[in-house]
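Reading the structure
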Amino acid sequence: MNQQMVMHEGEFLRITSVCDRLTREANAKIVFLVDKNGQLISSAGATNDIDTTSLASLTAGNIAATGGLAKLLGEREFSILFHEGERDNLHISIVAQRVILVVIFDARSSLGLVRLRVKKASEELATVFADLEKKGTMPGGAGSPFAEITDEDIDNLFSE
Amino acid sequence: MPFINLPLREITCKIVYYGPGLCGKTTNLQYVYAKTNPESRGNMISLATETDRTLFFDFLPLGLGEIRGFKTRFHLYSVPGQVFYDASRKLILRGVDGVVFVADSLVDRLDANLESAENLRINLAEQGYDLDKIPYVIQYNKRDLPNVLPVEELSRQLNPTKVPEFNAVALTGVGVFDTLKAVAKQVLTKVKNGD
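Parameters at a glance
- Residues numbered from 1 in each chain as written.
- Chains lettered and ligands numbered in written order.
- Predicted model: local features only at pLDDT ≥ 70, side-chain atom pairs only at ≥ 80, totals over all residues.
- Helix = DSSP H or I, 4+ residues; strand = E, 2+ residues; numbered from the N terminus.
- Buried ≥ 20, exposed ≤ 12 C-beta atoms within 10 Å, placed from the backbone.
- Contact = placed C-beta atoms within 7 Å.
- Nonpolar A, V, L, I, M, F, W, Y, C, P; charged D, E, K, R; others polar.
- Pairing = 2+ DSSP bridges.
- Axes fitted to C-alpha atoms, helices over the stretch in contact; angles between N-to-C directions.
- Expected span 1.5 Å × (residues − 1).
- Core = buried A, V, L, I, M, F, W, Y, C linked by C-beta atoms within 7 Å.
- Right-handed = clockwise from strand over helix to strand, strands pointing away.
- pLDDT = per-residue confidence, 0-100.

Observations concerning the overall build of chain A
Broken down by element type, chain A carries four helices and six strands. Scanning chain A from its N terminus toward the C terminus, one meets helices and strands in the order β-α-β-β-α-β-β-β-α-α. Here the C-alpha coordinates of chain A stretch approximately 55 × 40 × 30 Å along the principal axes. A total of 160 residues make up chain A; the buried ones form 35% of that total. In chain A, of all internal contacts separated by at least 6 residues, the share reaching a separation of at least 24 is 54%.

Structure follows, in structure tokens:
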């Protein structure tokens, strides 16, 4: 079963900083990080014009389907995917076996540069996620910020 | 388990609509999409065949507002119902927080419902989940059609553990939000208890 992911302030800042730097150093248009369940963790670059939520979900679907193909062929996973378009290209890689790093770039960059920068960023991100894992999941009961949620709170979410 | 982002104060939960082919999973999502304020939802993605049968999944991101200062987001997915898409169904169940089983009430679809429900249990178990322990609701869809089984019969066959169940006509929206609300409530209750 997938472990619950809880993002903490310190790690979030480190992740955002790695994504920002990768965007600059790889001359990328957009960089984003998604967990394998399709939830967007962080994004950097020119994200205003695109639907990052849909991108995150489709990327995870893509990785899941490719992972299924890998298993059929006896591979553990295909750790890098590359989609080449007329203008934009998509470089997708798996970091620390649990999150997906996506780089969108055009002719101002190159596959070689992106691969080089992604490798370095992946190592840094793997360290951050290892630290997150050590922090574990959210404490239940009184220690949780959700312990105070009432049935009424939940009902209110659905009131029009 | 839900993804909790403490610095952004966001919680994201994944709900999967499961059920046999043509039972109305996509229709449920389409109704939610149509009736939700555009500011509260993202685009709906349907990876479907040319004949509008779900090929991989439908996806609808919903924002339900704030709860104790946390933005709650629900990602609704539907699986392809046709038997031969089993590999895809398994992938979509990854990281699921709650399941809606959409049953087709038509008399001649009982076997398909039973097969799909069994398939759900097996596929969840493969991912390490126990259907009896995760948020789960059942919807009896197409209640407006003439040749349907009585709800009592469907409930006896498909709901032995007596999870919340709802009658629905997904095409016109009857029961759609009741179903969603019930599963969302179970998911949030689980978050609250730190399960």
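Some points on the interface of chain B and chain A
Facing 37 residues of chain B, the contacting portion of chain A comprises 37 residues. When its residues are assigned to classes, the side of chain B that touches chain A shows 18 nonpolar, twelve polar and seven charged. Bridge analysis of strand β1 (residues 6-7) of chain A against strand β1 (residues 3-5) of chain B gives two bridges, and the strand direction is parallel. Looking at β1(B), one finds that A:Met7 is bridged to B:Asn5.

Quick look at the sheet that holds strand β5 (residues 89-95) of chain A
All names here are of chain A. The sheet built from five strands is open, its strands ordered β3-β2-β6-β5-β4 with antiparallel pairing. In this open sheet, the two edge strands, each paired with only one partner strand, are β3 (40-45) and β4 (80-84). Each strand axis lies, on average, 15 degrees off the axis of its neighbour in the sheet, ignoring direction. Bridge count between strand β2 (residues 30-35) and strand β6 (residues 99-105): six bridges; the pairing is antiparallel. What sits directly across from Val34, in β6, is Ile100. Helix α1 (residues 9-25) contacts β2, β3 and β6 of the sheet and is inclined by roughly 35 degrees relative to β3.

Remarks on unusual backbone geometry
All names here are of chain B. For Asp52, which is not glycine, the phi torsion reads 65 degrees and is therefore positive. If you trace the backbone, Asp52 turns up in the loop between β3 (45-48) and β4 (54-67). By C-beta crowding, Asp52 is classed as exposed, having 9 other C-beta atoms within 10 Å.

Let's talk about the pairing of strand β5 (residues 70-78) of chain B
Residues and elements named next belong to chain B. The buried count for β5 comes to seven of nine residues, which makes it a mostly enclosed element. Across eight bridges, strand β2 (residues 10-18) lies against β5 in parallel orientation. Considered in β5, the bridge of Cys13 is made with Phe74. As judged from the nine bridges shared by β4 and β5, these two strands associate in the antiparallel manner. Counted as the bridge partner of Ile67 is Phe70 from β5. Counted between consecutive antiparallel strands, the loop separating β4 from β5 contains two residues, among which Arg68 sits at a positive phi close to 50 degrees.

Description of helix α3 (residues 111-135) of chain A
Residues and elements named next belong to chain A. Helix length check: α3 (25 residues) gives 35 Å between terminal C-alpha atoms against 36 Å at 1.5 Å per residue, within 8%. Among the residues of α3, those classed as buried are Val114, Arg117, Val118, Ala121, Leu125, Val128, Phe129 and Leu132. Lining the buried residues of α3 we find α1, β5 and β6.

A look at the environment of B:Asn119
Here B:Asn119 lies in helix α3 (residues 110-126). In sequence terms B:Asn119 and B:Tyr136 are 17 residues apart; their C-alpha atoms lie 15 Å from each other.

A word on the nonpolar core
Residues A:Val34, A:Val103 and B:Val16 are the most contacted members of the largest nonpolar core, which totals 91 residues. Considering every element that reaches this core, the biggest residue donor is helix α5 (residues 176-193) of chain B, with eight residues.

A closer look at the pairing of strand β6 (residues 98-104) of chain B
All names here are of chain B. Among the seven residues that make up β6, seven are buried, leaving the element largely enclosed by the rest of the structure. Of the two faces of β6, both are covered, the one formed by Gly98, Val100, Val102 and Asp104 as well as the one formed by Val99, Phe101 and Ala103. Relative to β6, β2 runs parallel, the two sharing four bridges. Following the sheet pairing, Tyr17 is matched in β6 by Val100. Where β6 lies against strand β7 (residues 136-141), six bridges are found, and the strand directions are parallel. Counterpart to Ala103 in the pairing with β7 is Tyr140. Remark: the β6/α3/β7 crossover connection has right-handed handedness.

Side note on the confidence of the model for chain A
Per-residue confidence for chain A gives a mean pLDDT of 89, with 92% of residues at or over 70. Here helix α4 (residues 151-157) of chain A stands out as the least confident element of chain A, with mean pLDDT 81; β6(A) is the most confident, with 97.

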